[in-house]
Amino acid sequence: MVAACNLPKVGRKKGKGEERENRLRLRNVGRGLRRHTLDQGLRWTDLSIIFDMAFKSGRPDHPTVDNHGRSIVNRKCKTAALAVLLAAFISLPAAAARIEPLMRTVDLNVGQQTNVTLANGRSVTVKLLDLKETRDTLRDAVRSAVVTVEVAGRKIDLTAAYYRLPVTVGDVQIDCAVTKGFTSECKNIWALDADARLRLWPAGSPWIRPGTFGYPANQRWFATDTQMCNVPVFVDGGEVPANKSIYYHYGLDIGGAEGMVDVLAATDGLVVQVGKEVLPGHEEYVRSRYDVIYILDNRGWYYRYSHLQSFDPSLKLGSRVKLGQKIGTLGKEGGSGGWSHLHFDIRAMQPSGRVGIIEGYAFFWQAYHKAHKTKLQAVARPHHLTWTGAPVVLDAGLCWCGRGPEHIANHEWTFGDGSKATGPKVERRYDKPGVYSEVLKVTDDQGNVDYDFAVVHVIDRDHPKQLPPSIHANYSPTFDIKPGTPVTFKVRSFRIAPDDGHETWDFGDGSPPVTVQSDGNAVKLSKDGYAITTHRYTRPGHYLVTVHRTNHRGQTATAHVHVRVDR
């Protein structure tokens, strides 16, 4: 017998508008039952049980009878309710394919503790001891949120998202997805009512069930800019000191070449939205827009794919897709800000009892690096925002080696002024405003090499309204490039007039520089917004490609991409 879910009253309401009120209540019954069935993995044979539970129970919390035990639900009402229930079940994933999430999620205030039963059945006590949120002096934006937790009797500090992965403490893996500083009363898409959200897995467990999740873009990891959870958005020039309304990114942005990167289904699932068409019964879980697709998987999680340039013709509302199936093409449509990327997020029921965001960076990491058998990964992110003359710490501490961090042999930094430094952490000061892209080279003890780039936005302390340009560069293809393969490079600058300067490319192979001119994001969704050029490499190797643009005040924005040419 299924457990009773919290159902709204559906009895006859006296007075004006009673028919409309009953329709609304019945719709809410359908939605409530749908959420419950997703959670319980019910079968068709449970329909009569649910119907009885909804309309024949005499329990006080399901008041469908009056004080004398007489039914207050008429035949018409029951018929309509049955139709709602049938519609809810039609759109459910198959019960036999129900996927149990491996993580356990708890929301805690400082000083609170709770017992958590992990996916392996073991119980662990977790307590939130402290929360420290560090804000910058430019926008009063949270740049670091660190929680101190006690789990299984051990204390540990965790940084909320910001490219962090879960850490192991004894028999437990734990991370912090988000803290209260990244939310507000009017914008709380996380559905977080406490100080922090913690997630737990058994030690050694994958973070998401293998074979049920895949990386949703057909391109290399960190091929260009990214904006992951809790990071203030920046690629389109959004880091403006005068703007105190901070857009903390709540999903996962994968930058890429507009119209040239296939977007893939991250899971098997049901297509519940295609553009502005929404499958009935899912309206409260999705946000319809012409460039968006939503897919519901058998965990009961909703996956959003945004800013798509096009949808695959095979994609139909109400159809099912398979993991890895092409569903569209990466673009810059909708609310993209004018930079080309896939916005991907996951939404599901949270401990607060409301639908909110699930932080998915660890799922991306697991799926991509397992599929591509990564040996070494350089990580110099997230980006930085600072005043001229202020110290900035560039941190390579998140770099990863598949054989363990002790096998990373060297961290080497190369800066825009030609100077170099070694070590996982270095401190820099910038005297001139601009957008810098500092090169991190990581080498392991087997000679494997990888690169990433630390982006630093520097604002003139004396003239904070004189903003330097920012820039986005990308290329395609990112896999299987051979000598002679044509590689398309695209660039767009922001916070700059269309005729103020040019972008200049250095392809890193000794060939002459190439000059182009993008539109400066004059029209965000312009089809010709990015300037395009093509280049061919003659020899295999690692190439660090640089592009920059300088405005009339002499302020420069620089970007890098790392191109690998195979033998």
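Residues numbered from 1 in each chain as written. Predicted model: local features only at pLDDT ≥ 70, side-chain atom pairs only at ≥ 80, totals over all residues. Heavy atoms only, no water.

Student: Even after reading the chapter, I still don't get the overall build of the protein chain, so can you show me in this structure?
Tutor: Within the protein chain one finds four helices and 36 strands. In the protein chain, of all internal contacts separated by at least 6 residues, the share reaching a separation of at least 24 is 66%. Counting every atom, the protein chain has about 24200 Å² of accessible surface; 49% of that belongs to carbon and sulfur. (Helix = DSSP H or I, 4+ residues; strand = E, 2+ residues; numbered from the N terminus. Contact = heavy atoms within 4.5 Å. Areas by Shrake-Rupley, 256 points an atom, 1.4 Å probe, with all protein chains shown as cover.)

Student: How should I be thinking about the packing of aromatic side chains in this particular structure?
Tutor: To describe a pair of aromatic rings, one takes the distance between the centres and the angle between the planes. By the definition in use, this model includes 29 aromatic pairs. The interplanar angle of 75° and the centroid separation of 5.4 Å between the aromatic rings of Tyr163 and Tyr361 together place this pair among those described as edge-to-face. With Tyr163 in the loop between strand E5 (154-159) and strand E6 (167-169) and Tyr361 in helix H4 (residues 361-371), this pair connects stretches of sequence that are 198 residues apart. For the residue pair Tyr163 and Tyr361, the accessibility class agrees, reading buried in each case. On the numbers, 6.0 Å between centres and 65° between planes, the contact of Phe213 with Phe363 is edge-to-face. Of the two residues, Phe213 is situated in the loop between strand E8 (196-202) and strand E9 (226-227) and Phe363 in helix H4; the sequence distance between them amounts to 150 residues. Arg428 extends its terminal NZ or CZ atom over the ring of Phe415, reaching a point 3.9 Å from the ring centre. Lying across the ring of Tyr430, Arg428 places its NZ or CZ 5.5 Å from the centre. (Phe/Tyr/Trp six-rings, centres within 6.5 Å; stacked < 30°, edge-to-face > 60°. Buried < 20%, exposed > 50% of the residue type's maximum accessible area, 1.4 Å probe, protein only. Lys NZ or Arg CZ within 6 Å of the ring centre and 35° of its normal.)

Student: Just to check I follow, could you spell out H4 for this structure?
Tutor: For an α-helix, 3.6 residues make a turn, and residues three or four places apart therefore share a direction. A large share of H4 lies buried, amounting to nine of its 11 residues. Inspection of H4 places Tyr361, Ala362, Phe363, Phe364, Trp365, Gln366, Ala367, Tyr368 and His369 among the buried residues, and these make up the whole buried set. Looking at the buried positions of H4, the neighbouring elements they touch are E8, strand E10 (252-255), strand E19 (341-349), strand E20 (355-358), strand E21 (376-377) and strand E24 (400-401). Directly after H4, the chain includes Lys373, whose backbone phi takes a positive value near 50°.

Student: Can you help me understand the sheet that holds strand E30 (residues 470-476) in this one?
Tutor: Strand pairing in a sheet is mediated by backbone hydrogen bonds. Such pairs are either parallel or antiparallel. Here three strands make up an open sheet; going across it, the order is E30-E31-E34 and the pairing antiparallel. The open sheet is flanked by E30 and strand E34 (531-536), the only strands paired with a single partner. The sheet shows a mean angle of 25° between the axes of neighbouring strands, direction not considered. Across seven bridges, E30 lies against strand E31 (residues 486-494) in antiparallel orientation. Bridging from a neighbouring strand, Ser476 pairs with Thr488 of E31. (Pairing = 2+ DSSP bridges. Axes fitted to C-alpha atoms, helices over the stretch in contact; angles between N-to-C directions.)

Student: Any chance you could explain the nonpolar core here in plain terms?
Tutor: Most often, soluble globular proteins keep nonpolar side chains buried together rather than apart. Counting residues in each nonpolar core, the largest one holds 110 residues, and the members touching the most others are Leu200, Phe213, Tyr305, Phe344, Phe489 and Val563. Here this core gets seven residues from one element, more than from any other, and that element is H4. Ignoring sequence-local partners within four residues, the contact set of Phe489 consists of Asn474, Tyr475, Trp505, Phe507, Ala531, Ile532, Thr533, His535, Tyr537, Val545, Val561 and Val563. Ranked by size, the runner-up nonpolar core spans 19 residues in total, among them Leu376, Leu394, Ile408 and Trp413. (Core = buried A, V, L, I, M, F, W, Y, C linked by side-chain atoms within 4.5 Å.)

Student: Would you explain the pattern of salt bridges in this entry?
Tutor: Any two side chains of opposite charge can pair, so long as their charged atoms come close to each other. Within this structure, the stated rule accounts for 26 salt bridges. Between Asp193 and Arg354 there is a salt bridge, with its nearest N and O atoms 2.8 Å apart. Highlighted residues: Asp193 in the loop between strand E7 (172-179) and E8 and Arg354 in the loop between E19 and E20, separated in sequence by 161 residues. Arg354 gets classed as partly exposed once you look at its relative accessible area, which sits at 35%. Residue Asp417 pairs with Arg428 through a salt bridge whose shortest N-O separation is 3.4 Å. Pair noted here: Asp417 is in the loop between strand E25 (408-414) and strand E26 (420-422) and Arg428 is in strand E27 (residues 425-429), with a separation of 11 residues, a long-range link. A cluster of three or more residues bridged by salt bridges with shared partners is formed by Asp136, Arg139, Arg143 and Glu239. (Salt bridge = Lys/Arg side-chain N within 4 Å of Asp/Glu carboxyl O.)

Student: How should the sheet that holds E7 be read in this particular structure?
Tutor: Here we have four strands laid out as an open sheet, ordered E1-E8-E7-E6, and antiparallel in their pairing. The open sheet is flanked by strand E1 (104-108) and E6, the only strands paired with a single partner. Neighbour to neighbour, the strand axes of the sheet diverge by 35° on average, direction disregarded. Where E1 meets E8, five bridges bridge the pair, whose relative direction is antiparallel.

Student: Just checking my understanding: could you explain the confidence of the model for the protein chain for this structure?
Tutor: Atom-level detail of predicted coordinates should not be read off regions where pLDDT is low. Residues at a pLDDT of 70 or more form 83% of the protein chain, whose mean pLDDT is 88. Here residues 35-82 is a poorly scored stretch, pLDDT under 50, and it has 85 contacts once near neighbours within four places are set aside; other chains count. (pLDDT = per-residue confidence, 0-100.)

Student: Explain the side chain of Ser470 here, please?
Tutor: Structurally, the position occupied by Ser470 is in strand E30. Judged by relative accessible area, Ser470 falls into the buried class, the value being 1%. Separated by 3.4 Å, the side chain of Ser470 and the backbone oxygen of Val235 make a polar contact. Here Gly237 takes part through its backbone nitrogen, which lies 3.3 Å from a polar atom of the side chain of Ser470. Setting aside residues no more than four positions away along its own chain, Ser470 makes contact with Phe234, Val235, Asp236, Gly237, Val435, His457, Arg492, Ser493, Phe494, Arg495 and Ala557. (Polar contact = N/O pair within 3.5 Å; in protein donor to acceptor, adjacent residues only side chain to side chain.)

Student: Please clarify how the environment of Tyr248 should be interpreted in this entry.
Tutor: Tracing the backbone through its elements, the reader meets Tyr248 in the loop between E9 and E10. Taking the C-alpha atoms as reference points, Tyr248 and Phe234, 14 residues apart in sequence, are found 9.9 Å from one another. In contact with Tyr248, other than residues within four places in its own chain, are Arg135, Asp140, Ala141, Val142, Gly181, Phe182, Asn230, Val231 and Pro232.

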